[in-house]
Amino acid sequence: MPEAFVHVGLPSRVVFGARALDQVAGEVELLGVSRALVIATGSAREAADVVELGLGDRFAGRIDEVRQHVPVERAEAARAKAQEIAADGIVAIGGGSAIGLAKAIALTTGLPILAVPTTYAGSEMTPVWGQTADGRKTTGTDLAVLPRTVVYDPVLSSRLPLGITAASVANALAHCVEATWTPKADPITEVLAVEAARALHDGLLAVVQDPHDLDARGNLLYGASLAGSALASAGTGLHHKLCHLLGGSYGLPHAETHAAVLPHVAHLNAAAVPRAGARLESAIQAGDLASGLYDFFTATGVPTSLRALGLTEEQAREAARTFAAGHPENPVPVDESVLTDLLVHAWAGDRP
Ligand code: NAD
């Protein structure tokens, strides 16, 4: 019998399958949306054109420019656009940045979101929003931003370049690993996390061989969805909070930052979650979680140092100081010296 637990599952409808993009218009109708604002990552423009055409009279307007970490000015401009066109729903096509902008609108207006993810960031399954102002990223949780419907189409993600694919998978793996040690982690989030890690690991190895392997792309989207669900229920911990600080304060790219930091946080916390750690090791076919993650990222071409992303060693030390001042919670107690050690290793790209 598992230990006593409380699990909160979140309500969303998931439509999954090759060419599921064709079902977006029908799903928008099911949501009762009659004036949809389409938000699309630049590189998902073609998919957005298809959706726009399919929506017919239900299409009300479009935003094609999105940026990582949702700068507050972009959020305000998007809210103004939604109001100007009297949108009653949002279709977001792209990675976490497009979905993040849709969430910024939903946060203040309550408009329903239909998400069509093209990366593996997993934002589509979470009620977590983020916004950046004056170099500081603020995040929060609100059910109003949880997409009501998520349409996964492996055909779309098969156009994602290999470098972005591998980094995005590292981001999804970070959800899996962290979902095993947060205060809200439970046996259900652990099952989701372990199955997600298996699908992500196997999927990425196959995609590296053939980026257009639809089956493998499907495995990655499936893994990303489970990883996002695990994160949504378990919440974030030390790892995600550190990455948000680094992304918001130093403008580091989101997915790559996860890859550089995760092996070191896993090294710190593995002893606190021995059962989940062993299951994750088996899912990624490694003898040790921290070095296994590091080796997997290296083998699939993901940068594993913060230095390679443009951070200076002094900034890594400064981030550790700033973070320690907030008295972060973690299964293994952390202070400035532990965090400095962790971030300097991540900065240098050392193998844990
Ligand atoms: P992203 O959305 O910025 O996309 C990464 C890159 O991939 C971009 O250059 C984009 O143009 C390109 N791209 C996307 N789809 C493509 C496609 N089909 N073909 C070719 N190129 C394509 O990055 P991301 O890593 O998906 O998301 C990062 C953002 O999401 C960050 O702001 C992060 O904080 C947020 N995020 C939020 C949550 C949450 O739960 N709220 C979870 C994960 C990430």
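Residues numbered from 1 in each chain as written. Predicted model: local features only at pLDDT ≥ 70, side-chain atom pairs only at ≥ 80, totals over all residues. Heavy atoms only, no water.

Asker: Can you lay out the pairing of strand 4 (residues 89–94) for me, pointing to particular residues and giving the numbers?
Answerer: Taking burial as the measure, the 6 residues of strand 4 include 6 buried ones, the bulk of the element. Side chains Gly89, Val91 and Ile93 of strand 4 all project onto a buried face; the interleaved residues Ile90, Ala92 and Gly94 project onto the opposite face, where all are buried too. Pairing between strand 2 (residues 36–40) and strand 4: 5 bridges, direction parallel. Pairing of alanine 36 across the sheet is with glycine 89, part of strand 4. (Buried < 20%, exposed > 50% of the residue type's maximum accessible area, 1.4 Å probe, protein only. Helix = DSSP H or I, 4+ residues; strand = E, 2+ residues; numbered from the N terminus. Pairing = 2+ DSSP bridges.)

Asker: Which residues make up helix 2 (residues 45–55), and what are the values?
Answerer: Along helix 2, the positions that sit buried rather than exposed are Ala47, Ala48, Val51 and Leu55. Relative to the axis of helix 2, the buried residues are bounded by an arc of 100° and lie together on one face. Opposite the buried face of helix 2, at more than 90 degrees from it, the exposed residues are Glu46 and Leu53. Contacts made by the buried residues of helix 2 are with helix 1 (24–30), strand 2, strand 3 (59–63), strand 4 and helix 5 (154–157). Of the residues trailing helix 2, glycine 56 is marked for its positive phi of about 55°. (Arc of directions from axis to C-beta. Contact = heavy atoms within 4.5 Å.)

Asker: Please give an account of the site of the ligand that cites residues and values.
Answerer: Taken together, 21 residues surround the ligand, and among them Ser97, Thr118, Thr119, Thr126 and Lys137 come closest. Note that an oxygen atom of the ligand is positioned 2.6 Å from one of the side-chain N or O atoms of threonine 119. In the complex, the protein chains occlude 84% of the 860 Å² of accessible area that the ligand would expose alone. Counting residues per element, the shell around the ligand draws most heavily on helix 4 (residues 96–109), which supplies 3 residues. Residues that form the shell around the ligand fall into these classes: 6 nonpolar, 12 polar and 3 charged. (Near = heavy atom within 4 Å. Polar contact = N/O pair within 3.5 Å; in protein donor to acceptor, adjacent residues only side chain to side chain. Areas by Shrake-Rupley, 256 points an atom, 1.4 Å probe, with all protein chains shown as cover. Nonpolar A, V, L, I, M, F, W, Y, C, P; charged D, E, K, R; others polar.)

Asker: Explain the nonpolar core to me, and be specific about the residues and the numbers.
Answerer: By size, the foremost hydrophobic cluster in this structure holds 70 residues, and its most contacted members are Leu173, Leu242, Leu293, Phe297, Leu306 and Leu343. Residue contributions to this core peak at 9 residues, all from helix 6 (residues 162–178). Two domains share this core, each providing at least three of its residues, namely domain 1 (13–157) and domain 2 (162–348). Setting aside residues no more than four positions away along its own chain, leucine 343 makes contact with Leu242, Leu246, Leu306, Ala316, Ala319 and Ala320. Ala78, Ala82, Ala98 and Ala102 belong to the second largest nonpolar core, which has 25 residues in total. (Core = buried A, V, L, I, M, F, W, Y, C linked by side-chain atoms within 4.5 Å. Domains from an automatic or database assignment.)

Asker: Go over the environment of proline 183 with me, naming the residues and quoting the values.
Answerer: For proline 183, the location among the structural elements is in the loop between helix 6 and helix 7 (187–209). It is 8.1 Å that separates the C-alpha atoms of proline 183 and glycine 235, two residues lying 52 residues apart in sequence.

Asker: Just give me the short version of the packing of helix 13 (residues 313–325) against helix 14 (residues 336–348), but keep the residues and values in it.
Answerer: Where helix 13 contacts helix 14, the two axes come as close as 8 Å, and the packing angle between them is 150°. Where helix 13 crosses over helix 14, the handedness of that crossing is right-handed. Contacts from Glu313, Ala316, Arg317, Ala319, Ala320, Arg321, Phe323 and Ala324 in helix 13 reach Glu336, Leu339, Thr340, Leu343, Val344 and Trp347 in helix 14. (Axes fitted to C-alpha atoms, helices over the stretch in contact; angles between N-to-C directions. Left-handed = near helix turned anticlockwise from the far one by under 90°.)

Asker: I'd love a proper account of the sheet that holds strand 8 (residues 149–152), names of residues and values included.
Answerer: Spatial ordering of the open sheet is given by 1-8-5-4-2-3, a layout of 6 strands whose pairing is parallel. Two strands lie at the open edges of the sheet, namely strand 1 (13–16) and strand 3, each paired on one side alone. This sheet shows a mean twist of 15° between the axes of neighbouring strands, independent of strand direction. Both strand 1 and strand 8 contribute to a ladder of 4 bridges, which runs parallel. The residue bridging valine 14 from the neighbouring strand is valine 150, located in strand 8. Packing against the sheet, helix 8 (residues 214–234) makes contact with strand 1, strand 5 (113–117) and strand 8, and its axis sits at approximately 170° to strand 1.

Asker: I'd love a proper account of the domain arrangement of the protein chain, names of residues and values included.
Answerer: Split by domain assignment, the protein chain resolves into domain 1 (13–157) and domain 2 (162–348). Counting residues at the interface gives 23 residues for domain 1 and 25 residues for domain 2. Where domain 1 abuts domain 2, roughly 1900 Å² becomes buried across the two surfaces, and 66% of that area is made up of carbon and sulfur atoms. Our count for the domain 1 to domain 2 interface comes out at 0 salt bridges. Applying the counting criterion to the domain 1 and domain 2 interface returns 7 residue pairs in polar contact (both at pLDDT 80 or more). Among the secondary structure elements, those contributing two or more residues to the side of domain 1 that touches domain 2 are strand 7 (136–141) and helix 5. (Buried area = accessible area lost by both parts, 1.4 Å probe. Salt bridge = Lys/Arg side-chain N within 4 Å of Asp/Glu carboxyl O.)

Asker: Please give an account of the pattern of salt bridges that cites residues and values.
Answerer: Taken as a whole, this structure holds 14 salt bridges when the rule is applied. The partner of glutamate 65 in a salt bridge is arginine 74, and the shortest N-O contact between them spans 3.1 Å. Residue glutamate 65 is classed as exposed on the basis of its relative accessible area, which comes to 53%. Judged by relative accessible area, which is 25%, arginine 74 ranks as partly exposed. Here arginine 279 ties to glutamate 190 by a salt bridge, and the two come within 2.9 Å at their closest N and O atoms. With a gap of 89 residues between them, arginine 279 in helix 11 (residues 274–283) and glutamate 190 in helix 7 connect regions that are remote in the sequence. Connected via shared salt-bridge partners are Glu3, Glu190, Arg275 and Arg279.

Asker: Please give an account of the packing of aromatic side chains that cites residues and values.
Answerer: Going through the model one piece at a time under the given rule, you end up with 2 aromatic pairs. Centre to centre, the rings of phenylalanine 16 and tyrosine 152 are 6.0 Å apart; their planes meet at 50°, and the pair counts as tilted. Of this pair, phenylalanine 16 sits in strand 1 while tyrosine 152 sits in strand 8, placing them 136 residues apart in sequence. Judged by its relative accessible area of 43%, phenylalanine 16 is partly exposed. Tyrosine 152 sits in the buried class, given a relative accessible area of 0%. Judged by centre distance (6.4 Å) and plane angle (45°), the ring pair of phenylalanine 296 and phenylalanine 297 falls under tilted. (Phe/Tyr/Trp six-rings, centres within 6.5 Å; stacked < 30°, edge-to-face > 60°.)

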